[in-house]
Every structure is written in structure tokens, then in C-alpha cells.
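Below are the chains, spelled out letter by letter.
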Amino acid sequence: MPIRRLPEHLVNRIAAGEVVERPASALKELVENAVDAGATRITVRLAAGGIDRVEVIDDGCGMSAVEMALALERHATSKLPDDDIEGVETLGFRGEALPSIASVARLTVESRVRGEEGWSRIVDNGALVEEGPAALPRGTRVVVDDLFAKVPARRKFLRTPRSEYAAAADAIRRLAMARPDIGFTLEHDGRRNISVQPGETRAERVAALTDRQLTENSVAVDYERGTAKLEGVASLPTFNRGVADHQYLFVNGRPVKDRVLIGAVRGAYQDLLARDRHPVLALFLTVPPGEVDVNVHPAKTEVRFREPGNIRGLIVGGLRHALDEAGFRSVQRPSAGALGNWQAEPVGAPPTAYSQNYQQSGQQRAAFFTPPPGAAQASVWDRARDYQPAPEGRAEAAETPVPDAADHPLGIARGQVAETYIVAEAEDGLVIVDQHAAHERLVLERMNRAMAEGGVASQGLLVPEVVELDESACDALEERIGELTELGLELERFGPKAMLVRATPAMLGAGDVKGLITDLADEIAAYDQHLSLKEKLDHVAATMACHGSVRAGRVLNVAEMNALLREMEVTPHSGQCNHGRPTWVKLGHGDIEKLFGRK
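Presented here is a report on the structure given in the accompanying data block. (Residues numbered from 1 in each chain as written. Predicted model: local features only at pLDDT ≥ 70, side-chain atom pairs only at ≥ 80, totals over all residues. Heavy atoms only, no water.)

## Overview of the packing of aromatic side chains
The way to describe two aromatic rings as a pair is by their centre distance and the angle between their planes. Evaluated as defined, the whole model comprises 1 aromatic pair. Ring geometry for Phe250 against Phe284: centres 4.6 Å apart, planes inclined by 5°, an arrangement best described as stacked. Taken together, the residues span a long stretch of sequence, with Phe250 in strand β12 (residues 247-251) and Phe284 in strand β15 (residues 281-286) at a distance of 34 residues. Residue Phe250 shares its accessibility class with Phe284, and that shared class is buried. Sitting over the face of the ring of Phe284, Arg202 holds its NZ or CZ atom 4.0 Å from the ring centroid. Positioned above the aromatic ring of Phe239, the side-chain terminus of Arg241 is 4.9 Å from the ring centre. (Phe/Tyr/Trp six-rings, centres within 6.5 Å; stacked < 30°, edge-to-face > 60°. Helix = DSSP H or I, 4+ residues; strand = E, 2+ residues; numbered from the N terminus. Buried < 20%, exposed > 50% of the residue type's maximum accessible area, 1.4 Å probe, protein only. Lys NZ or Arg CZ within 6 Å of the ring centre and 35° of its normal.)

## Brief notes about the sheet that holds strand β13 (residues 254-256)
What the 5 strands build is an open sheet, ordered β9-β10-β15-β12-β13; its pairing is mixed. The open sheet has two edge strands with one neighbour each: β9 (218-225) and β13. Averaged over all neighbouring strand pairs, the angle between strand axes comes to 20°, with direction disregarded. Both strand β10 (residues 228-235) and β15 contribute to a ladder of 6 bridges, which runs antiparallel. Residue Val233 lies in a different strand from β15, and its bridge partner there is Ala282. Against the sheet, helix α8 (residues 259-268) contacts β12, β13 and β15, and its axis sits at roughly 130° relative to β12. Contacts from helix α9 (residues 308-326) reach β9, β10 and β15 within the one sheet, and its direction differs from that of β9 by about 135°. (Pairing = 2+ DSSP bridges. Axes fitted to C-alpha atoms, helices over the stretch in contact; angles between N-to-C directions. Contact = heavy atoms within 4.5 Å.)

## With respect to the packing of helix α2 (residues 23-36) against helix α6 (residues 161-178)
In the contact formed by α2 and α6, the axes pass within 8 Å of each other and the chain directions differ by 25°. Relative to α6, the element α2 is oriented roughly parallel. Crossing angle aside, the handedness with which α2 passes α6 is right-handed. Between α2 and α6, the residues in contact are Pro23, Ala24, Leu27, Lys28, Val31 and Glu32 and Glu164, Ala167, Ala168, Ala171, Ile172 and Leu175, respectively. A per-class count over the contact of α2 with α6 returns 9 nonpolar, no polar and 3 charged. (Parallel < 35°, antiparallel > 145°, perpendicular 65-115°, else oblique. Left-handed = near helix turned anticlockwise from the far one by under 90°. Nonpolar A, V, L, I, M, F, W, Y, C, P; charged D, E, K, R; others polar.)

## Describing helix α12 (residues 435-452)
The end-to-end C-alpha separation of α12 is 26 Å, in line with the 26 Å expected for 18 residues at 1.5 Å each. Taking burial as the measure, the 18 residues of α12 include 14 buried ones, the bulk of the element. The N-terminus of α12 is capped by Asp434, whose side-chain oxygen sits 3.2 Å from the backbone nitrogen of His436. Positive backbone phi, approximately 125°, marks Gly454, located one or two places after α12. (Expected span 1.5 Å × (residues − 1). Polar contact = N/O pair within 3.5 Å; in protein donor to acceptor, adjacent residues only side chain to side chain.)

## With respect to the pairing of strand β7 (residues 183-188)
Regular strands place their side chains on alternate faces of the sheet. Burial analysis of β7 places 6 of its 6 residues in the buried class, the great majority of the element. Residues Gly183, Thr185 and Glu187 line one face of β7 and the alternating positions Phe184, Leu186 and His188 line the opposite face, and both faces are buried. Bridge analysis of strand β1 (residues 41-47) against β7 gives 6 bridges, and the strand direction is parallel. Residue pairing across strands places Leu46 opposite His188, the latter belonging to β7. Looking at chain direction, β7 and strand β8 (residues 191-196) are connected through 5 bridges and run antiparallel. Looking at the pairing, Glu187 lines up with Arg192 of β8. Where β7 hands over to β8, the hairpin turn is made up of 2 residues, of which Asp189 adopts a positive phi near 50°.

## Some points on the sheet that holds strand β23 (residues 498-505)
Reading across from one edge, β21-β23-β22 is the order of the 3 strands in this open sheet, with antiparallel pairing throughout. Of all the strands in the sheet, the pair left with one neighbour each is β21 (458-468) and β22 (490-493). This sheet shows a mean twist of 15° between the axes of neighbouring strands, independent of strand direction. Where β22 lies against β23, 4 bridges are found, and the strand directions are antiparallel. Of the residues in β23, the one forming a bridge with Leu491 is Val501. Set on the sheet, helix α13 (residues 471-479) makes contact with β22 and β23; between it and β22 the angle comes to about 130°.

## Some remarks on unusual backbone geometry
What you tend to see is this: most non-glycine residues have negative phi, and most peptide bonds are trans. If you check the backbone angles, Asp189 has positive phi at about 50° while not being a glycine. Position of Asp189 among the secondary structure elements: in the loop between β7 and β8. Non-glycine residue His573 carries a positive phi angle of around 65°. Mapped onto the elements, His573 comes out in the loop between α17 (558-570) and β24 (584-588). Residue His573 is classed as buried on the basis of its relative accessible area of 4%.

## Describing the pattern of salt bridges
Scanning all chains against the criterion turns up 27 salt bridges. A salt bridge links Lys229 to Glu231; the shortest N-O distance between them is 3.7 Å. The exposure class of Lys229 is partly exposed, given its relative accessible area of 27%. The exposure class of Glu231 is partly exposed, given its relative accessible area of 24%. Residue Asp293 pairs with Arg304 through a salt bridge whose shortest N-O separation is 3.8 Å. (Salt bridge = Lys/Arg side-chain N within 4 Å of Asp/Glu carboxyl O.)

## Some thoughts on the nonpolar core
If you look at the biggest cluster of nonpolar residues, it comprises 59 residues, and the most contacted ones within it are Leu27, Val31, Ile42, Val44 and Leu107. By residue number, the principal contributor to this core is α6, which donates 9 residues. In this view, Val31 contacts Ile42, Val44, Val56, Ile172, Leu175 and Phe184; residues no more than four positions away in its chain are not counted. One finds Ala228, Leu272, Val303 and Leu323 within the second-largest nonpolar core, a separate group that totals 31 residues. (Core = buried A, V, L, I, M, F, W, Y, C linked by side-chain atoms within 4.5 Å.)

## Overview of the packing of α12 against α17
The geometry of α12 relative to α17 is characterised by a closest axis approach of 10 Å and an angle of 50° between their N-to-C directions. By the angle between their directions, the pair α12 and α17 is classed as oblique. Classified by chirality, the crossing of α17 by α12 is left-handed. Between α12 and α17, the contacting residues are Gln435, Ala438, His439, Leu442 and Arg446 on the first element and Leu564, Glu567 and Met568 on the second.

## Observations concerning the side chain of Ser111
When you line up the elements, Ser111 lands in strand β3 (residues 106-112). Taking relative accessible area as the criterion, Ser111 reaches 0% and is therefore assigned buried. A distance of 2.6 Å separates the side chain of Ser111 from the backbone nitrogen of Met63, its partner in a polar contact. Contacts of Ser111, omitting those with residues within four sequence positions, involve Gly62, Met63, Met68, Gly118, Trp119, Leu136, Gly139 and Thr140.

Right, dumping it as C-alpha cells:
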């Protein structure tokens, strides 16, 4: 078969296959054009998820009739005044979007430049249908009708209107986050679903488009390294989601989905979140245009960095720095559902059994305080042995003066509930701490510090303990004996199916040695053999910390509870355990007043 030059209409359809995958792709290109045109307000209207209709209206600079004709030709653009494609700073630059969309749909473009008449041009699947004057305010209006209507092979692969709308809304959400100075409105089938005003701060815009609670449960990111700068908003580890759809990444104002960036986010949170949980964040990376190649993907959703290792280090370092600054913070307020589970005591006459018991106890109290006839005034201690009050909650006398709650954010320990939760009184409410989760995080942070300072101190066992495992697990542990020694764990092979434990990390204290070794073997078996144990230190240390922490069910005295609270206040990341769950929650005075109907 001889080589031939493809006709123009076929070339456009091939280009459309690269640029226009679905309605959301067309919408993204049109909104990017509106942003590049200097618009301050952009309105988007969709019908059937964009399958039937996509309409974008902006108040940008507009186009003249001559420019509009050029805009509908392939590779015609106003965004490259010279040939420096590496220095492009606009969202679009290829000049393919409008002709590609026009080749697979009915495209109507209306535009007016300030001081001139408006002009309209209609192209139906590549063929010019109509053009002429149009009445409209300054700006541009683009309508895409019946996408892929004459390309059934493509249209049948579109998903349901609901799914297509979800993809379109995500595209608008990302573009709106990138430009808080622009107002965005999204309407679907006549219903307004997104509306944000121009002039918002970046944090306000991100919270408005993700979750309003993010404002109170996030940290600000502001970090620089060399010529690169990282800004944005990142959630506390305890404010997370089950999917990674709430992570928004931008490079020089361009929404991207880059594996380097996504991997860096995962690395920054890896020892703060469970593996199936994901943070909510919006990160804005600014680098010199020459350090990033945006001309990698036809839809411009991927980029390539000249120094990807430096960018990864910047993101991990920036997020870690911001989270370290958060200290012991966690999602502090209980959810509305949790508050709703509190039950109010019904008001009314006490039950009969209670009344009888109360009367009997009243008679006992009268006999207790009334001296016998003719006797001298008795002391209350004279008959103390006969009086046995009903069981009450444990309240331990403080051997040292009780510190002032105002001096400590997590308050002063007042008691322990279910031998699991510490109840503390803070200046602004009631704090409840999960003692096991909190101490687990503290032990992990101690181990990380010890590793950074040269190694974890070990404590020899008086009698070495033999732990029986299957042969493959023993082989995996034996290969890592040297690295485990740096973590304070001294092992020896003891036959084909056993390991001899001679020492454990001193900070873990006495614990379940067999359980620790078994869990470590499982963790190591899950790693790639080519990775050093230090690269997975967070998981190994977390496993050790879990075995060395205060267990639920252990009774703590007041001094121990207060010591735990004080260490939490000065330890980074102590607001969440090693699995991303909160270690403490606060019930504010206002919440308590609501429970009692005072507010």
C-alpha cells in the first residue's frame, strides 16, 4: 500500500482523539482558553454531563472576526509570541483544541472585542455552516453540541451522563483552585452546583471546593528550596479519605497528575496514615519554566521535570515541615454523629426500686449521723466501718500540686475510663486521649530520633528467647540481621525454623517478644528484596512501637497520665497514631453545654 497524505478532515479527527477523549476534555480546553484570555468570571453550563451540550461563557479580551477564523485552524495560537516553547506560561499553547472539537461536534463560537462588533462562527463536524455578526457583551461564548454524534465508534465509549458530569466537575474544580482570582460557576441540567467568587484567598478557595472542615483541620504549606517554591494546604493526617481523589497538584498554575508528585505526597504521609487512607490537599509548585517540560502530553495533564529528585525532596520536605509545625494537633472536634449518640437522662419520677433504695439509704444515713440516746457527741469516724457507700469511680489523690490547666493545651488528667481512655480537663473543654494510640506514636517518634542520632539502644534479655517461625520467614529475618541490630533488635539463626532473640530495643521495655518477631517477619516478607530495611523504617519502627506502647486495659496513675499528656504536647505528629487515627479528641465547653440543653 503506497504512502499518502491524509485529508484535512481525517487529520483533525485523529488530533481530536488525542485532545478530546470525553466531554470533560473539551470543557477543560475551553475553560483554559477563557483563563488565558484574562477572564474574571467564567460560567459553564452542561447538559447530560456534557454529552449533549457544553457551554462556556467568559468576560475575557475576546476575538475579532479575523482572529476567530484563525483560531479554528490547526496550530494557530496567540500564546506563543515567539518560538520559545520552553518558556510558555499560559495554560494552552498547541492551538489544537478548537479545530479538534469542531471536527467531532457542532461548535458555535461567538466573541467580541471591546469597541468592536461581535462575530459568530458555526462549524459542524469540520464543515463551516454559518458565520456573521453577533450581539453579546465583551468576551467569548463557546457552545459544543452533540459531541461525537457523527462518530459512533467514539460515542459508544462514553460513560453515563452522571459519570461524565463527575469528570467535568473535577476539571472545573481543579482549574478554579488554580485561579482564586477568577469567579467560576458550573450549572448542570439547569442546576447550579459550583459557584465561587473572584478574589478569594487560596485557602478559602480550596476549602470551598473540597470540604469546609478543611480550614480547621489543615496546615499551611510554604516552603522553598533553591529556585522552586511549594505552597498550598494539606490536611492533618487524622483528616483523611479512603481514596486519593481529593489530592490536587499544580505546577506553575497548571493542574497536573504526575507520578513524581503523587509519590512524593505518599512518601510524606507514609508513617502518619494507614496504607488505605489518603490526605486531602492542594499543592502549588512554582518552578522556572525552563526546569519543567509541559509539552509531554496532548492534554497537558502530565509534565516532566529536569530534576525530579529535587522536586520530590521539596514536596516531602515541605509537607513534613508543615506537619511538624502542627505538633500534637489532630481533628479536635467530635463529629455531629458522635455528639448525637449522647443520651439525655429522662426527667421524671425516679423508678420504684430506686426510691426504695434511696429511702433505705436515707434511713442508714440518719442512723449513721444520729448518736445513741445519752451518749456523748460522737465522731463521724466512730461508725465508719459500718458505713459502706456504693461503688464509685476511681479518683486518686494527687501527691504533688495539680498544675494549672491553662498552662497545658491537652489539660490535666482527671481520670481513666475503661482502662483505655484518659480524661483530661483543658482550659477550653474536655480532652479524651486513647492511651495506646498516643503512646504508640510517642514510641515511634523516639525510635526515629534515636535512628537519626546513630542507632537505637538495646537491652539484653536475661534468658534469650527462641521464636519458632517457618523457614522462609527465618531466611528473611536472617538477611536483615545487621539492619535490625541498628534498630536495637539482636537476632541469631537457631536452626532451620527458629530465631534466637538476645536483645530488644530498650525503649520498648518488657513485651511480647514472640509477637514482635512474628509481625516483623511478616512486614519484611512484604518488602521488595532490593529495598534496604532503612527505606521501610517507618513500617518496621511502627510495628516495634505498637508492641512497646502502653496497652489498652492497663491502669495508669495520675502521674503517668500527666506525663503522657506532657510528652504529647512536645512531640511532633502526636495528634495521630501510626495508622492515621486520632489519638485525642476535644469536647469543647460549647459542645458540653449543648448536651445539657444550656445552649
